[in-house]
Amino acid sequence: MKNILVTGGSGFIGSHTCLSLLERGYRVFVIDSFENSSEKALEKVLEILKLKKLDLVERLKIFNCDIRNYKLLENVFAEINTSNKKVDGIIHFAGLKSVADSIKTPLEYWQVNVLGTINLLNAMEKFNCQNFVFSSSATVYANQENNLLSEKHPIKAINPYGNTKLTVENLLNDIFNSSDKKSKFASLRYFNPIGAHSSGLIGEDPKCKANNIFPLIINTAMGLQKEFKIYGNDWSTKDGTPIRDYIHIMDLAEAHIEVLENLLNDKSRYLILNIGTGRGTSVLELLKTFENVNNIKVPYVFSNRREGDLGYVVADNSLLKSELNFTPKMSIEDMCRDGWNWKKLNPNGY
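Every chain's residues receive numbers from 1 upward, in the order its sequence appears when written. Confidence filtering applies because this is a predicted model: local features only for residues at pLDDT of at least 70, side-chain atom pairs given and counted only at 80 or more, and all residues used for totals across whole chains, interfaces and linings. The basis for the side-chain values is all heavy atoms of the structure; hydrogens and waters are excluded.

Focus on the packing of aromatic side chains
Reasoning step 1: Pairing of aromatic side chains requires ring centres within 6.5 Å, counting the rings of Phe and Tyr and the six-membered ring of Trp. Pairs whose planes differ by under 30 degrees are stacked, by over 60 edge-to-face, and all others tilted. For the structure on display, the rule yields eight aromatic pairs.
Reasoning step 2: Look at Phe77 and Phe127: their rings are 5.5 Å apart centre to centre, the planes differ by 25 degrees, and that puts the pair in the stacked class. Of this pair, Phe77 sits in helix H3 (residues 70–82) while Phe127 is found in the loop between helix H5 (106–126) and strand E5 (131–137), placing the two residues 50 residues apart along the sequence. Each of the two residues, Phe77 as well as Phe127, counts as buried. Secondary structure elements are taken from DSSP: a helix is a run of H or I of four residues or more, a strand is a run of E of two residues or more, and numbering for both begins at the N terminus. Working definition: with a 1.4 Å probe on protein chains only, accessible area under 20% of the residue-type maximum means buried, over 50% means exposed, and in between means partly exposed.

Description of empty space enclosed by the protein
Reasoning step 1: The method works on a 1 Å grid over the protein atoms by themselves. A cavity is a set of points holding a 1.4 Å probe that cannot get out, a pocket is an open set with protein on both sides within 12 Å along at least five of seven lines, and residues with an atom within 4 Å of a point line them. Grid points are joined across faces, edges and corners, and a volume is the space filled by probe spheres set on the points. All told, the structure shown has one cavity of 30 Å³ or more when counted by the stated rule.
Reasoning step 2: For the largest cavity, the calculated volume is near 40 Å³.
Reasoning step 3: Residue lining of the largest cavity: His92, Ala94, Gly95, Asn113, Thr117, Phe134, Thr164, Lys165 and Val168, and that is the complete set.
Reasoning step 4: For the lining of the largest cavity, the secondary structure elements donating two or more residues are H5 and helix H6 (160–178).
Reasoning step 5: In terms of residue count, H6 provides more of the lining of the largest cavity than any other element does, three residues in total.

Quick word on the pattern of salt bridges
Reasoning step 1: For salt bridges, the criterion is a side-chain nitrogen of Lys or Arg within 4 Å of an Asp or Glu carboxyl oxygen. Enumeration over the complete set of coordinates arrives at 18 salt bridges.
Reasoning step 2: One salt bridge connects Lys126 with Glu74, and the closest N-O pair in it is separated by 2.6 Å. In this pair, Lys126 sits in helix H5 while Glu74 sits in helix H3, placing the two residues 52 residues apart along the sequence.
Reasoning step 3: With a relative accessible area of 53%, Lys126 lands in the exposed category.
Reasoning step 4: A salt bridge links Asp266 to Arg269; the shortest N-O distance between them is 3.2 Å.
Reasoning step 5: Overall, Asp266 belongs to the partly exposed group, its relative accessible area being 28%.
Reasoning step 6: Taking relative accessible area as the criterion, Arg269 reaches 17% and is therefore assigned buried.
Reasoning step 7: Connected via shared salt-bridge partners are Arg24, Glu254, Glu258 and Glu261.

Notes on the nonpolar core
Nonpolar side chains tend toward joint burial in soluble globular proteins.
Reasoning step 1: To qualify as a nonpolar core, a set must consist of buried Ala, Val, Leu, Ile, Met, Phe, Trp, Tyr and Cys residues joined through side-chain atoms within 4.5 Å. Core analysis: the biggest nonpolar cluster contains 46 residues, and Leu21, Val28, Leu188, Leu273 and Ile275 have the highest contact counts within it.
Reasoning step 2: Listing elements by their share of this core, those giving two or more residues are strand E1 (3–7), helix H1 (12–23), strand E2 (27–32), helix H2 (40–51), strand E6 (184–190), helix H8 (249–265), strand E11 (269–275) and helix H10 (318–324).
Reasoning step 3: Of the residues forming this core, the biggest block, nine residues, is contributed by H8.
Reasoning step 4: Whether two residues touch is decided by their heavy atoms; if any such pair falls within 4.5 Å, the residues are in contact. Those residues in contact with Ile275 that sit more than four places away from it in its chain are Leu188, Arg189, Tyr190, Phe191, Ile247, Leu252, Ala255 and Leu320.
Reasoning step 5: With 27 residues, the next largest nonpolar core counts Phe29, Phe63, Ala94 and Tyr270 among its residues.

What follows is the structure, given as structure tokens:
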């Protein structure tokens with residue numbers, strides 16, 4: 001049985017990925033500071049598994065650890081090793097992710113996203129782990145209106161958040177090129193994960209103020225805020241609102257495991273992959289789909305564009321399909337239905 005360390009494992013993407021890892025027979029070790037997430041998410045993961053007649057509590061161990069603290073990280077790796085196990089692979093989610101907040105507090109973003117990752121890579125090297133999957137972002141790409149973004153597209157991060165992701169990607173490349181070719185790395189450039197597990201037991205529950213589009217739509221639908229703001233209706237798109245590539249959270253979780261297994265079973269390599277559907281949906285289209293699927297109205301207003309935003313960000317996911325034979329399966333309707341189901345069942349989150 002392989003042992004996988006998941007940083008940020010109680011977060012939105014992390015909890016869904018931990019569920020999929022456990023379902024596929026892995027032993028999972030989670031590192032999380034729980035500053036922007038809840039340990040209850042992992043309790044719910046075990047609850048979902050019990051509903052499927054799988055009692056896997058012994059296969060999940062949780063460590064309260066901030067990746068900025070190298071000594072604590074080292075202690076986690078040492079504890080895993082002393083139990084006659086070793087970390088076979090790492091999926092690294094832990095980090096800060098708001099573009100707007102990164103513009104306000106860039107130093108904090110560099111400390112968590114870059115320094116924290118350096119600490120993790122140092123511990124990984126010390127304890128002889130070669131397989132590393134990094135949670136990157138499509139924000140590393142230069143803008144190119146109305147064209148799909150492939151992995152060969154020019155790179156130009158335009159905000160501190162994107163800069164931190166690109167810096168880590170470059171660091172992984174430097175380490176890979178300097179090594180004895182035992183390292184196996186992957187940087188996954190996400191587009192826009194939304195939705196929730198179909199059970200409604202786990203979903204997106206930011207502890208801080210919601211910044212992502214889908215929680216803001218849901219909060220408006222719940223009456224927690226008066227109206228949903230659309231930032232700009234003068235973009236060069238079909239309805240004037242920004243177009244994004246939305247991917248169901250469970251498709252994203254499955255993609256991580258496909259990538260991880262590729263690294264575990266293959267020779268040394270550094271994969272850089274877009275994780276998206278290749279389908280563009282405008283903000284207005286997403287909003288209207290949410291209303292239609294869930295039979296609810298969401299009041300909205302147009303506002304000024306935000307600093308750092310782009311008009312069109314959609315993945316060319318052909319490399320994902322060819323390298324891993326993986327294609328996201330879930331529709332926008334599935335994302336809207338599952339995301340709303342999570343919120344209705346958990347109006348106050350975890």
